[in-house]
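Take a look at the letters that make up each chain.
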Amino acid sequence: KGFRGNCRCNSLRPCVMRSLRERKEDGSAQRRLARELRQRLKLIVKKESVCRTENEVKLLSQWPSIVNDIEHGMELFQRTKRRRLEVVDEPEVIDRKSRLLAEALRQSKFVAVYTGAGISTAAAIPDYRGPNGIWSKLSQGKEVCSVDLTKAVPTFTHMCLAKMVQEGLVSHIVSQNCDGLHVRSCLDRSSLSEVHGNMYTEVCSSCDRLYFRLFDVTEQTSLYRHDTGRTCTDCGSALRDTIVHFGEKGCLEQPLNWQGAMDAASRADTIVCLGSSLKVLRSYRCLWGMERVKRLRPKLYIVNLQYTPKDSVSTVKINGMYAILLCCNFLCVSLSMKWLLTRSAMKATTESMHTYKVIN
């Protein structure tokens, strides 16, 4: 009450407001000048050292901390750009590494295979982070064409993996793919964990009965909205899709089968990663045997065209997607299995799903 009327505080209020406004304008001007200075320094840093003028060299020496920050950012950008490139090893290198992988599969007691979108590109299904991947195109502002996944058929890689499971060379497969091609390859369901769901399966929200469909069940579903609009034939409860979106936590027993995936990871002495950048899977520590001491952790074999965050700890990294087929050929020879493919057929798995030749 003592500050009403002609109080001195009321007379000071316009001055305070004007001072705050001027201070705000000064701050905006300083930030603008800082941005302009940084942009100018960045243009100078991009020049060749022999092309810089004397004044530009002097300006760089006056702001060493900003220059170091700009150079560090440019180095990170170039490293990220290099990691997005697809690299293919020479044929003799792929042959040699594939023999190592085949020998590892033959001698291992328990093999777990982790698959990503890269093994389905031969079925005309785009991947995510490749040069023509969905996220790569979206980040460049390019249009992404829709693909009818119901027409896709399992690739040679899917069939090789199913055969390896049948022959006891592979014990369990953990897939990030939602295309359902592992199921269509007649892979035993007990040996499969589709940790991100399956577009062609829906499950009862009450009795957990699983339904396999010939059509995409996710047409009317989205993030946090999983009801498909159909009901269970047993109990009449609502059916839901099985897809795990970003930001969600998978809670379904099937087809995610997380228990099977964790059991396989705990028993595996060899892990093979096919067509995956591992940027999502690496966050699941339970899949990498990290609870074991280092010398008892499973050996890691990676088959992928791009960089993965697990490259530095892998036993063998193969830059060539038909390596798993070549590996299967070596196993067929060593184990006397009549299931051989020509090299042209192996390359077909990364080029086209229509051109191949099988030798009986």
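Here, every reference points to the structure presented above.
Residues numbered from 1 in each chain as written. Predicted model: local features only at pLDDT ≥ 70, side-chain atom pairs only at ≥ 80, totals over all residues. Heavy atoms only, no water.

## Observations concerning the side chain of Ser276
Link 1 in the chain: With respect to the element layout, Ser276 can be found in the loop between strand S8 (270–274) and strand S9 (299–303).
Link 2 in the chain: For Ser276, the side chain forms a polar contact with the side chain of Gln176, separated by 2.7 Å.
Link 3 in the chain: Residues within four places of Ser276 in sequence aside, it is in contact with Thr115, Gly116, Gln176, Asn304 and Thr308. (Helix = DSSP H or I, 4+ residues; strand = E, 2+ residues; numbered from the N terminus. Polar contact = N/O pair within 3.5 Å; in protein donor to acceptor, adjacent residues only side chain to side chain. Contact = heavy atoms within 4.5 Å.)

## Things to note about the state of the cysteines
Link 1 in the chain: Summed over the entire model, instances satisfying the criterion amount to 0 disulfides.
Link 2 in the chain: Looking at the unpaired Cys204, the closest cysteine sulfur is the one in Cys235, lying at 3.4 Å.
Link 3 in the chain: Classification of Cys204 by relative accessible area gives buried; the value is 1%. (Disulfide = S-S within 2.5 Å. Buried < 20%, exposed > 50% of the residue type's maximum accessible area, 1.4 Å probe, protein only.)

## Observations concerning the environment of Met74
Link 1 in the chain: Structurally, Met74 is set in helix H3 (residues 64–83).
Link 2 in the chain: In the structure, Met74 is positioned 32 residues away from Lys42 in sequence and 9.3 Å away in space, judged by C-alpha atoms.
Link 3 in the chain: Among residues more than four places away in sequence, those in contact with Met74 are Val45 and Lys46.

## Side note on the sheet that holds strand S3 (residues 192–194)
Strand-to-strand pairing in sheets goes through backbone hydrogen bonds, with the strands running parallel or antiparallel.
Link 1 in the chain: The parallel open sheet is built from 6 strands, whose spatial order is S3-S2-S1-S8-S9-S10. Edge positions in the sheet fall to S3 and strand S10 (316–318), since each of these pairs with one other strand and no more. When strand polarity is set aside, the average angle formed by the axes of neighbouring strands in this sheet is 15 degrees.
Link 2 in the chain: Across the face of the sheet, helix H4 (residues 91–107) comes into contact with strand S1 (111–115), S8, S9 and S10 while running at roughly 130 degrees to S10. (Pairing = 2+ DSSP bridges. Axes fitted to C-alpha atoms, helices over the stretch in contact; angles between N-to-C directions.)

## Regarding the pattern of salt bridges
Link 1 in the chain: One pass over the structure, following the stated rule, counts 10 salt bridges.
Link 2 in the chain: Among the salt bridges present, the one from Glu103 reaches Arg106, with a minimum N-O distance of 2.7 Å. Of this pair, Glu103 and Arg106 are both found in helix H4, 3 residues apart, which corresponds to roughly one turn of the helix.
Link 3 in the chain: Relative accessible area serves as the criterion here: at 41%, Arg106 is assigned to the partly exposed category.
Link 4 in the chain: The shortest N-O distance in the salt bridge between Lys317 and Asp311 comes to 3.1 Å. For the pair Lys317 and Asp311, a shared accessibility class is recorded, and that class is buried. (Salt bridge = Lys/Arg side-chain N within 4 Å of Asp/Glu carboxyl O.)

## Examining helix H8 (residues 258–267)
Note that an α-helix has 3.6 residues per turn; residues three or four places apart therefore point the same way.
Link 1 in the chain: Those residues of H8 not exposed but buried are Trp258, Gly260, Ala261, Ala264 and Ala265. The buried residues of H8 all sit within an arc of 160 degrees when viewed along its axis, so they share a single face.
Link 2 in the chain: Where the residues of H8 are buried, they touch S1, strand S2 (172–175) and S3. (Arc of directions from axis to C-beta.)

## Here's the deal with the pairing of strand S6 (residues 227–231)
Link 1 in the chain: Alignment of S6 against strand S7 (residues 238–241), held across 2 bridges, turns out to be antiparallel. Bridge pairing in S7 links Thr231 to Ala238.
Link 2 in the chain: Linking S6 back to S7 in an antiparallel pair, the connection comprises 6 residues, with Gly236 at a positive phi of about 80 degrees.

## Details of helix H6 (residues 156–167)
Link 1 in the chain: Taking 1.5 Å of rise per residue, 12 residues should cover 16 Å, and H6 covers 16 Å from first to last C-alpha, within 8% of that figure.
Link 2 in the chain: When H6 is considered as a whole, its buried residues turn out to be Phe156, Thr157, His158, Cys160, Leu161, Ala162, Met164 and Val165.
Link 3 in the chain: Positioned one or two residues after H6, Gly168 has a phi angle of 85 degrees, which is positive. (Expected span 1.5 Å × (residues − 1).)

## Structural notes on unusual backbone geometry
Link 1 in the chain: Looking along the chain, the bond that leaves Gln254 and enters Pro255 is cis, with omega of 5 degrees.
Link 2 in the chain: Of note in the backbone geometry, Asn257 takes a positive phi value of approximately 50 degrees without being a glycine.
Link 3 in the chain: Following the sequence through the fold, Asn257 ends up in the loop between S7 and H8.
Link 4 in the chain: The exposure class assigned to Asn257 is buried, which follows from its relative accessible area of 11%.
Link 5 in the chain: Positive phi values are uncommon outside glycine, yet Leu278 reaches one of about 65 degrees.
Link 6 in the chain: Looking at the element boundaries, Leu278 is found in the loop between S8 and S9.

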